[in-house]
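Now for the letters of each chain:
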Amino acid sequence: MRKVTYFAVFEPSEDGGYSVYFPDLPGCVSFGEDFKAAMKGAEEALGLHLYGMEKDGEEIPVPAEAPMVDPDTAAGYLVVPVSVFPDMVKEELDNKRVKTTLTLPAWLKEAAEHSAMGINYSRVLETALKDILGIAQR
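Just so you know, these numbers come straight off a predicted model, no measurement behind them.

## What to know about the packing of helix H1 (residues 35–55) against helix H2 (residues 86–94)
Move 1: Here H1 crosses H2 at 75 degrees, and the two axes come no closer than 9 Å. Compared by their axis directions, H1 and H2 come out roughly perpendicular. For the pair H1 and H2, the contacting residues are Gly47, Leu48, Tyr51 and Lys55 in the first and Val89, Lys90, Leu93 and Asp94 in the second.
Move 2: Split by residue class, the contact of H1 with H2 holds four nonpolar, one polar and three charged.

## Points about the sheet that holds strand S2 (residues 18–21)
Move 1: Read across the sheet, four strands follow the order S3-S2-S1-S4 without closing on themselves; strand pairing throughout is antiparallel. What marks the edges here is a single partner per strand, and that holds for strand S3 (29–32) and strand S4 (78–84). Shown here is a sheet whose adjacent strand axes are inclined to one another by a mean of 30 degrees, direction ignored.
Move 2: The sheet contact formed by strand S1 (residues 4–12) and S4 spans seven bridges and is antiparallel. When the sheet's bridge partners are listed, Val4 is paired in S4 with Val84.
Move 3: Against the sheet, H1 contacts S1, S2, S3 and S4, and its axis sits at roughly 50 degrees relative to S4.

Each value, and the rule that gives it
Residues numbered from 1 in each chain as written. Predicted model: local features only at pLDDT ≥ 70, side-chain atom pairs only at ≥ 80, totals over all residues. Heavy atoms only, no water. Axes fitted to C-alpha atoms, helices over the stretch in contact; angles between N-to-C directions. Helix = DSSP H or I, 4+ residues; strand = E, 2+ residues; numbered from the N terminus. Parallel < 35°, antiparallel > 145°, perpendicular 65-115°, else oblique. Contact = heavy atoms within 4.5 Å. Nonpolar A, V, L, I, M, F, W, Y, C, P; charged D, E, K, R; others polar. Pairing = 2+ DSSP bridges.

All we've got here are geometric facts, nothing functional implied.
Structure (structure tokens):
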């Protein structure tokens, strides 16, 4: 399984929290109320950022061996390697259940609700879409 590691800069704030940025990935930022929360946020931000870049067809930069810390970073910053498994992030996000609204005739809805079959609209729609699109069941 592919594992990717980038350096993150954890910048302390006056309230005890941390702002986080990744020098190799402009726009990939996070924060946390303490170091533990900031690390969790950094992992989530990195995974989502790489997922978005891959989905958009952008080239993923090679992680630097040493980070270029912004000179305006607050004193007391920490540089920490943050790792993610992009394929696991992709699997989770691509298979996340999302709500959608649909319309159907009232008589059909009523028939389904009074059926002894225990109709699950989501399952029926998912199965039908896979069948129509020729997607193998998984």
